[in-house]
Every structure is written in structure tokens, then in C-alpha cells.
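Architecture and fold: a report
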Amino acid sequence: MRLGTRLALGLGVLSLAVFAVVGTALTTYMHDYLERQLGDQLKLIQAVQAKDAAAHGTVRRKPYYGWYTAVYDVSDDAVTLRRPSDVPEDTRAMADLARAMAHSDTELTRTARIDGEGTYRLRGCEVEPGVVLVSAAPVEDIEETVAQLITVQVVVFALALLALVVLGRRMLRRGLKPLSDMAHTAHGIASHDLTESAARLPLRADGRDGGLEVAELRTAFNTMLEHIDDSLAVRAEAESRLRRFVADASHELRTPLMSVRGYADLFQYAAANEPAERERHLARLRAEAARMGVLLDDLLLLARLDAAEVEAPLRTADTDLGELVQQAADAFRASHPGHPLAVTAGSGPLTLRLDPQRVRQVLDNLLTNAAVHTPAGTRVSVAVSVTGDSALVRVTDAGPGVPAEDRERVFDRFYRVDKARSRDRGGSGLGLAVARSLVRAHGGDIELSSEPGATVFTVRLPLNDAH
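Residues numbered from 1 in each chain as written. Predicted model: local features only at pLDDT ≥ 70, side-chain atom pairs only at ≥ 80, totals over all residues. Heavy atoms only, no water.

If you look the protein up in an unreviewed UniProt entry, it shows as histidine kinase from Streptomyces atrovirens. Looking at the protein in UniProt, the text filed under Subcellular location (unreviewed entry) is "Cell membrane". Within the UniProt record for the protein, the comment given under Catalytic activity (unreviewed entry) is "ATP + protein L-histidine = ADP + protein N-phospho-L-histidine." (UniProt positions renumbered as here; feature names shortened; annotations may be inferred.)

Paired through their backbone hydrogen bonds, the strands of a sheet run either parallel or antiparallel. Strand order in the open sheet formed by five strands is β2-β1-β5-β4-β3, and the pairing between neighbours is antiparallel. The outermost strands of the open sheet, each flanked by one partner alone, are β2 (78-81) and β3 (108-114). With strand direction ignored, the average angle separating the axes of adjacent strands in the sheet is 35°. Strand direction decides the pairing type here: β3 and strand β4 (residues 118-128), joined by seven bridges, are antiparallel. By the bridge assignment, Ala112 is partnered in β4 with Tyr120. Contacting β1 (68-75), β4 and β5 (131-138), helix α1 (residues 3-56) runs over the sheet at an angle of about 40° to β4. (Pairing = 2+ DSSP bridges. Helix = DSSP H or I, 4+ residues; strand = E, 2+ residues; numbered from the N terminus. Axes fitted to C-alpha atoms, helices over the stretch in contact; angles between N-to-C directions. Contact = heavy atoms within 4.5 Å.)

Counted according to the given criterion, the structure contains eight salt bridges. When the shortest N-O distance is used, the salt bridge between Asp73 and Arg82 registers 2.8 Å. Among the ionic pairs, Arg92 bridges to Asp90, the shortest N-O distance being 3.0 Å. A residue is classified by how much of its surface remains accessible, and Arg92, at 52% relative accessible area, is exposed. Each member of the salt-bridge network shares a partner with another, and the members are Asp90, Arg92 and Asp115. (Salt bridge = Lys/Arg side-chain N within 4 Å of Asp/Glu carboxyl O. Buried < 20%, exposed > 50% of the residue type's maximum accessible area, 1.4 Å probe, protein only.)

What follows is about the pairing of strand β10 (residues 390-397). β10 sits mainly inside the fold: six of its eight residues count as buried. Two elements, strand β9 (residues 380-387) and β10, share eight bridges in a ladder whose sense is antiparallel. Residue Ser381 lies in a different strand from β10, and its bridge partner there is Thr396. Pairing geometry for β10 and strand β12 (residues 454-462), over eight bridges, is antiparallel. Within β12, the residue paired with Thr396 across the bridge is Val456.

Let us now look at the environment of Pro356. Relative to the helices and strands, Pro356 is located in helix α8 (residues 356-372). On the basis of relative accessibility, which here comes to 27%, the residue Pro356 falls in the partly exposed class.

The strand order β7-β9-β10-β12-β11 describes an open sheet built from five strands, whose pairing is mixed. With partners counted over all chains shown, the strands left at the sheet margins are β7 (341-344) and β11 (445-451), one partner each. The average undirected angle you get between the axes of adjacent strands in this sheet is 15°. Where helix α10 (residues 431-441) meets the sheet, it contacts β11 and β12, and its direction lies at approximately 135° from that of β11.

Attention now goes to the pairing of β5. A large share of β5 lies buried, amounting to eight of its eight residues. Side-chain alternation along β5 places Val131, Leu133, Ser135 and Ala137 on one buried face and Val132, Val134, Ala136 and Pro138 on a second face that is also buried. With six bridges joining them, β1 and β5 adopt antiparallel strand pairing. By the bridge assignment, Tyr68 is partnered in β5 with Ala136. The antiparallel hairpin formed by β4 and β5 contains two residues in its connecting segment, where Gly130 sits at a positive phi of about 85°.

Membership of the largest hydrophobic core comes to 40 residues, with the highest contact counts inside it found for Leu321, Leu366, Leu367, Val393 and Val459. Take this core: its biggest share by element is seven residues, from α8. Beyond its immediate chain neighbours, meaning those up to four positions away, Leu366 contacts Val395, Leu432, Ile446, Phe457 and Val459. Membership of the second largest hydrophobic core comes to 19 residues, among which are Tyr72, Val74, Ala112 and Val132. (Core = buried A, V, L, I, M, F, W, Y, C linked by side-chain atoms within 4.5 Å.)

What follows deals with the packing of helix α7 (residues 321-335) against α8. Viewed as axis vectors pointing N to C, α7 and α8 meet at an angle of 40°, and their least axial separation amounts to 10 Å. Here α8 runs oblique to α7, going by the angle between their axes. Between α7 and α8 lies a crossing whose hand is right-handed. Contact residues: α7 offers Leu321, Leu324, Val325, Gln327, Ala328, Ala329, Ala331 and Phe332, while α8 offers Pro356, Val359, Arg360, Leu363, Asp364, Leu367 and Ala371. When grouped by side-chain class, the residues that make up the contact of α7 with α8 number twelve nonpolar, one polar and two charged. (Parallel < 35°, antiparallel > 145°, perpendicular 65-115°, else oblique. Left-handed = near helix turned anticlockwise from the far one by under 90°. Nonpolar A, V, L, I, M, F, W, Y, C, P; charged D, E, K, R; others polar.)

Turning our attention to the packing of aromatic side chains. Enumeration over the complete set of coordinates arrives at four aromatic pairs. Ring plane angle 10° and centroid distance 4.7 Å describe the contact between Phe19 and Phe157, whose orientation is recorded as stacked. Of this pair, Phe19 sits in helix α1 while Phe157 sits in helix α3 (residues 140-175), and the two are 138 residues apart along the sequence. On the accessibility criterion, Phe157 (22% relative accessible area) is partly exposed. Between the aromatic rings of Tyr29 and Tyr33, the centroid separation amounts to 6.3 Å while the plane-to-plane angle is 20°, which identifies the pairing as stacked. (Phe/Tyr/Trp six-rings, centres within 6.5 Å; stacked < 30°, edge-to-face > 60°.)

In this section: α3. The first and last C-alpha atoms of α3 sit 50 Å apart over 36 residues, in line with the 52 Å expected at 1.5 Å per residue. Restricting attention to buried positions, one finds in α3 the residues Ile142, Val146, Leu149, Gln153, Leu161 and Gly168. Against α1 lie the buried residues of α3. (Expected span 1.5 Å × (residues − 1).)

What follows is the structure, given as C-alpha cells:
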């Protein structure tokens, strides 16, 4: 059965138990109350009848219709009824009460059945020594009243129980409707195809009914859906980047592989076997192989950084960041004499806990990027500073700058700002991606700000492990 039906039936059973307790208590109270009323009436009437019996020997005043009165002379065990008396044919119960009254100091009351008449309430009192007055009142009216009360209670409670179950079920169904709506939403989500790359969950649990608890459940349900949506979006983006990465990697590797294959095919010809020609082709083969090696090394490094291995691919040591920047500047001047370079560093050493080889690779990538993407003679500068809890390295060039539409993607893998630039000059498009991944592996970050005449790459490294 549905939850609303079970709750309604449970409410009905609980109500039935409450009605039974209330009905039993009410019936018992009413029965005792009517019996007390009857006893009080008997006592009041006997007070008048006792005076009548004492004055006339018998009771001349007639009691209520259906009531009986008798005066008995009691001596030892002999009980004699005085005549005339208004008594039924069966007087044994009244005589027994008179005999018991003769040996009692207080009035006696008992309930007895009189043949041919029914159940009566008997009460005895002593008029004078040896003379006992016995009065009998029928309890049939009490039994009928109690039976009618029980009938009324059963009918009323049955109607109330039926109305409670029917109306309660409707109210519960209305109150639980938000839960049904959420279940319907969950079924819709279960039937939604989540295998698609860009799968989204357009369904949400709406409404304001149901009370505070249902509202909390609805909020938690929608929050869960938002989390699933975000996870699906991240997965879709990751899959898209993976496909793009594989496509770009395949494209980048295809060119050197085709070159290697072409030069290898040249060895099939006689001209290629001449010593000078052979050496030239072998040099080209070695260059293409070296190029593939650099590309594969960068891809392997990025993969290891992305995988978050237990042992990070860093070999940290206490290193003077200023000296590391000076070494990178000296190497840049030697390899790019056409770009003047200025270095600004602090007066004292700035020692950090880092991997000197990887940070040097970051600096070389940034300086090479400045030289490759700017005309000859463009000024390049490197500045080292400390701000708050971070060490900053700014690599600035006075080139044309990076277009606004490319600034968000310059750190993407295989992305080139100048699409027409050859791979021999522009590289594979992994330099900045490798640099950012290495800086983040150190707990820092790298940022770009650019405008015509000033392009600045800012490397931020934490000072937490500084000395």
C-alpha cells in the first residue's frame, strides 16, 4: 500500500483505540452515575416510607410505578410479611434481604433478580427492632439507558472514524503530493540518458507545499541535482578536453613521424647512401626524433601532474629564487641575443623550498615565449619581489600583446595565439600549459595581464616553506 493509505489506516486504528477507551470510560461513568441516582432515590423514598410503616404498620403510600415495598417482621430466622403489601409473586430476594438486615447495623443494598419481573435494586432499613422495610426498584431503565448510550457511541464513533480515515487520507495524499512529485522527478532523471557527453538534468522538484520537512527535502534534492549537473558538466568538459588533447597530440606527432618516415624512405635510393647525403638525412632524423622526445616528455609530465600521483614529480630543495632567475636570464641572453633583457632582484637571497629544475623550466618557457612572440629588439624584463606570503616573478615584454579573445586560452594545451606560426618557430603549444601545471604543483599560480606594449606573466610561489 502507498504511504498515505498506510498512514490513514494507522490513524484509523489509533483513533479506534482512542474511541474504545473514551467510550468505555463514558459508559462506565454513566452506569455508575445512574446507579448512584437510583440508590439516592431509594434512600429518599425509604425515609418517607419508614415513617409511614412506623405509623400504620404497613406502607400505605404507593411507590413509583414498577417499584415494590414490603414490611417484614423478623424474629430469629423467621421472616413474616405484613399485609397488605405491594410485592411481586417472587419475594425470596426481598425476604433474604430482610433476614440479613436483622443482623446488620446499617442499611443494606444489593442487586437481585426477581422471577417474572427482572433485575431489581433492593434496599433495606430497620423501622424498629424486629421490623424491616425493604424497597425494590427496577434497574431495567438503567440498562436501557446504558444500551442506548453504547449504540449512540458506536454509531457516532463509526461515522467519525470513517470520516477521519477518508478525509485524513485525502489530506495525507495532498500533504504527500510533493513527495510524489519528487519521486516522479527521480523517475524522470532515471530515464534520462546520462551517457551523453553534454548530458544535463533539466528536471527539478518545484512547489512550496508540504511543510518545513518537505521543503528541506526538496532543497536537498535540488542541491543534489545541481551537484550532479555540475559533475556532468565537469565530466563533459573533461571528455571534450581529452578528445581535443588526443586530437592535438596526434596532429603534433604526425608531422615529425611523417618526416622520419620520409627521410627513412630516402635511404632506399642510391643517392641517399652517399656519405654527405646520408649524414644530412641522419641529422634531420635525429632532429625530428629529438623534437618528438621533447613533445612526449612534456605530455608525460602533464599526465603525471594531472594524475596527482602519491609521489609528486618534484624534487624539492632549498633554492635561492633570485639566483635561479639570474641563471635563466644568462641562458636567455646567450640563446636570444636580439632581445635585450633586464633583471631586477632583491638585495639578499630569497630561499624557497622548490624543485629548481622544474622552476627553471618554467622561467625558460616564459622567457622563450617572450622571445618567440615578439619582434627582434623587443625589450624583456624579469623582476623578483615578495608580497605578503608569496614570492612573485614577473616576466614582461614590450611586444604587441595578447589579444583579449586569446588570453583565457593561452594556458590550454596545444593552443597557439598565432595560428599561422610554424611549429619550428612557435613550438608545440605546450610550454605555457607545462609552466602553469608546474607552478600549481608547487602550490602557486601563474597569471597573465596584457595590453599593447606590455605583456606580463606573473608567477606566484608560496613562502610557507621559505627560510
